[in-house]
Amino acid sequence: MDYLKKNILKILNIFFMFLILSGCSKFQYLIEQGMGQASLFLKAKKNQDLLEDPLTPKEIKKKIKKIQAYKEYFYKFFQRRAEGHYEKTTILDREAVTYLVTASPFNKIAPKEECFPFVGCFPYLGFFDEKSAIKYKNILEKDNWVTWVRPVYAYSTLGNFSDPILSTFFRYDDEVLAELIFHELFHTLFFIENEVQLNENLANFFSKKMVSMYFNWSEFRKDQKKLESSRYKGLDKLIVQLVNKLENKYSRVQAKNRSKFDEVLKNFLEFHFKPQIRSYCRSNGLFPDGCYPLQRKWNNASFAGFLTYEEESQKIENLEKKLGLNLFNFFIYIENKHKEYLEHKIEMPFSTYLFSSLD
C-alpha cells in the first residue's frame, strides 16, 4: 500500500472513531481538520522527484537533503527503525501550516481544554485554515472568553501518519531546522496522553541536546549557548513570577463584570510587566531584538499558552543531572518509567510520577 492510500485510510479510520466518541458538537471541526490533513498528503510529492526535477529551486533541494540527514541521524541515535516520516514534501500556499487558538476566562489565567478520544486533552484547538481559526476565536469572544491566535510552522501527527516535509520548514537556518526535525520526530517516539507540558518540554530538551551533538559544537560554543539559554530561562522565570502576581490581583477583584478585570490587566501590563521585562532584557543584553516578550500581545490567553510550555522544563534538566546518564540512556530511563507507570496502573499524572524522585 503506497504512502497516500495508507495515510488517507488512517485518516478515515481515526475520523470515524472520533466521530462516534466525540459527539455532534465537534462534527464540523473534525471534518474540516480531516480534510486539511488529507490535503497535506494529496499535495505531497516524493522527495526524490523534487530532487531530480530541474525546476525545483536549489535552496529547496538543499533543505530536503538536510532534513533527510537529520532524520537518519535521529533514528540511528535512538536505535530505532526509521519510520516513513519526511519521505515526501508538501509545498504550501500559506505562511503557516496551522493556527492555534487558545482561550482563557477573563477573570483568571487558565486555558480552555479541548478533549478528543485516544490523544487526550489539549489547551488549544488547531485549524489548517486561518479564517476558520478567526471564526472560532470570534465565537469564543462572544461567550466572553479571552483568546489568542498564533501561527504554527511545524507540527507532528504523533506517529499516526507518515508526516511530509512542509515548505514552512524552509524558513529556518540549519541549526534551528535540525532542532525542529528532532523535536517533531521525538513526538513520534514518545507521547503521553493528557500531558501537553511534559510532551513539549521533553521534545525541547532532547532536540536541543541533539543539535549540539549533531553539529559537534565546541566547548566555547556550548558555553555561549548555555549562557544564552540561562538568560532566556531567567526571562521566562520572570514572566511566570509576573503572571502569578497578575493572578493575585485578579483574586482581589470584587466585581464580576469583565471591564474591571480588563482594567487590571491593562494597568499590570503598562506599569509592571513591560517595565520589568524591559529592565531585565537591558541588563542581560537581550534588548531590543532578543526581548521577545515586548514583541508579543499579552492577555490571559497568551499567558496561559506560555505557561503550558514552560512549567516543567527545569525539572527535566534536574532529573538528568541527578541520574548522571547520557542522553540515550536518559531516554531509555524515561521509557522504562512509563512502562512501569502503566504496568502498576499508578493513579497520578505521569509527570508527577517521573519527577517524584526530585522531591
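Predicted, not measured: the structure shown is a model, and the values here were computed from it.

1. As for the packing of aromatic side chains
Tallied over the entire structure, the rule returns 42 aromatic pairs. With a centroid separation of 5.8 Å and an interplanar angle of 40°, the aromatic rings of Tyr-341 and Tyr-353 are classed as tilted. Taken as a pair, Tyr-341 in helix α12 (residues 327–343) and Tyr-353 in helix α13 (residues 350–354) lie far apart in primary sequence, twelve residues in all. Judged by relative accessible area, which is 13%, Tyr-353 ranks as buried. Note that Arg-221 overlies the ring of Trp-217, its terminal NZ or CZ placed 4.7 Å from the centroid. Arg-282 extends its terminal NZ or CZ atom over the ring of Phe-287, reaching a point 4.6 Å from the ring centre.

2. Focus on the sheet that holds strand β6 (residues 125–127)
In spatial order, the strands read β6-β3-β7; together these three strands make up an open sheet with antiparallel pairing. Strand pairing shows two members of the sheet lacking a second neighbour, β6 and β7 (146–152), which therefore form its edges. When the angles between neighbouring strand axes are averaged without regard to direction, this sheet yields 25°. Summarising the sheet, strand β3 (residues 98–104) and β6 pair through three bridges and their orientation is antiparallel. Opposite Val-101, over in β6, you have Leu-125 as the bridge partner. Running at roughly 10° to β3, helix α5 (residues 130–142) makes contact with β3, β6 and β7 of the sheet.

3. Some words on unusual backbone geometry
Looking along the chain, the bond that leaves Phe-287 and enters Pro-288 is cis, with omega of 0°. Inspection of the secondary structure assignment puts Pro-288 in the loop between α9 (258–283) and α10 (300–310). Even without a glycine there, the phi angle at Gln-79 is positive, about 55°. One can find Gln-79 in the loop between α4 (58–77) and β2 (88–90).

4. A short note on the nonpolar core
Counting 49 residues, the largest nonpolar core has Phe-74, Phe-78, Phe-169, Ile-181, Phe-186, Phe-206 and Phe-350 as the members making the most contacts within it. Secondary structure elements with two or more residues in this core: α3 (47–52), α4, β8 (165–166), α6 (174–189), α7 (196–214), α11 (313–323), α12 and α13. With eight residues, α6 is the single largest residue contributor to this core. One finds Ile-109, Leu-246, Phe-273 and Phe-303 within the second-largest nonpolar core, a separate group that totals 29 residues.

5. Remarks on the sheet that holds strand β1 (residues 45–46)
If you walk across this open sheet you meet the three strands as β1-β2-β8, and the pairing is mixed. At either margin of the open sheet sits one strand with a lone partner, and together these are β1 and β8. The pairing of β2 with β8 spans two bridges and is classified as parallel. Directly across from Thr-89, in β8, lies its bridge partner Ile-165.

6. A look at the state of the cysteines
Simply put, the disulfide is a covalent bond whose two ends are the sulfur atoms of two cysteines. Scanning the entire structure with this criterion turns up two disulfides. With its sulfur 1.9 Å from that of its partner, Cys-115 forms a disulfide with Cys-121. As the torsion about the S-S bond is roughly 105°, the Cys-115-Cys-121 disulfide counts as right-handed. Overall, Cys-121 belongs to the buried group, its relative accessible area being 18%. With its sulfur 2.0 Å from that of its partner, Cys-281 forms a disulfide with Cys-291. The disulfide joining Cys-281 to Cys-291 has a torsion of about 75° about its S-S bond and is therefore right-handed. Placement of Cys-281 in helix α9 and of Cys-291 in the loop between α9 and α10 is noted, with a sequence separation of ten residues between them. Residue class for Cys-281 comes out buried when judged on its relative accessible area of 0%. Residue class for Cys-291 comes out buried when judged on its relative accessible area of 1%. In the chain, numbering the disulfide-bonded cysteines from first to last in sequence yields the connectivity 1-2, 3-4.

7. Some details on the pattern of salt bridges
In this structure the tally under the stated criterion is 15 salt bridges. A salt bridge links Lys-209 to Glu-320; the nearest nitrogen and oxygen atoms lie 3.6 Å apart. Here Glu-320 lies in helix α11 and Lys-209 lies in helix α7, a separation of 111 residues in the sequence. Note on Lys-209: relative accessible area 33%, which makes it partly exposed. According to the relative accessible area criterion, Glu-320 is buried, its value standing at 13%. Notably, a salt bridge pairs Lys-337 with Glu-340, separated by 3.6 Å at the nearest N-O pair.

8. Concerning the packing of α7 against α12
Two elements in contact, α7 and α12, have axes separated by 11 Å at closest approach and are oriented at 160°. When the interaxial angle is binned, α7 and α12 end up roughly antiparallel. For the pair α7 and α12, the crossing hand works out as left-handed. In contact with Leu-202, Phe-205, Phe-206, Lys-209, Met-210 and Met-213 of α7, α12 contributes Leu-327, Phe-330, Phe-331 and Ile-334. Each residue belonging to the contact of α7 with α12 can be placed in one class, and the counts come to nine nonpolar, no polar and one charged.

Each value, and the rule that gives it
Residues numbered from 1 in each chain as written. Predicted model: local features only at pLDDT ≥ 70, side-chain atom pairs only at ≥ 80, totals over all residues. Heavy atoms only, no water. Phe/Tyr/Trp six-rings, centres within 6.5 Å; stacked < 30°, edge-to-face > 60°. Helix = DSSP H or I, 4+ residues; strand = E, 2+ residues; numbered from the N terminus. Buried < 20%, exposed > 50% of the residue type's maximum accessible area, 1.4 Å probe, protein only. Lys NZ or Arg CZ within 6 Å of the ring centre and 35° of its normal. Pairing = 2+ DSSP bridges. Axes fitted to C-alpha atoms, helices over the stretch in contact; angles between N-to-C directions. Contact = heavy atoms within 4.5 Å. Core = buried A, V, L, I, M, F, W, Y, C linked by side-chain atoms within 4.5 Å. Disulfide = S-S within 2.5 Å. Salt bridge = Lys/Arg side-chain N within 4 Å of Asp/Glu carboxyl O. Parallel < 35°, antiparallel > 145°, perpendicular 65-115°, else oblique. Left-handed = near helix turned anticlockwise from the far one by under 90°. Nonpolar A, V, L, I, M, F, W, Y, C, P; charged D, E, K, R; others polar.

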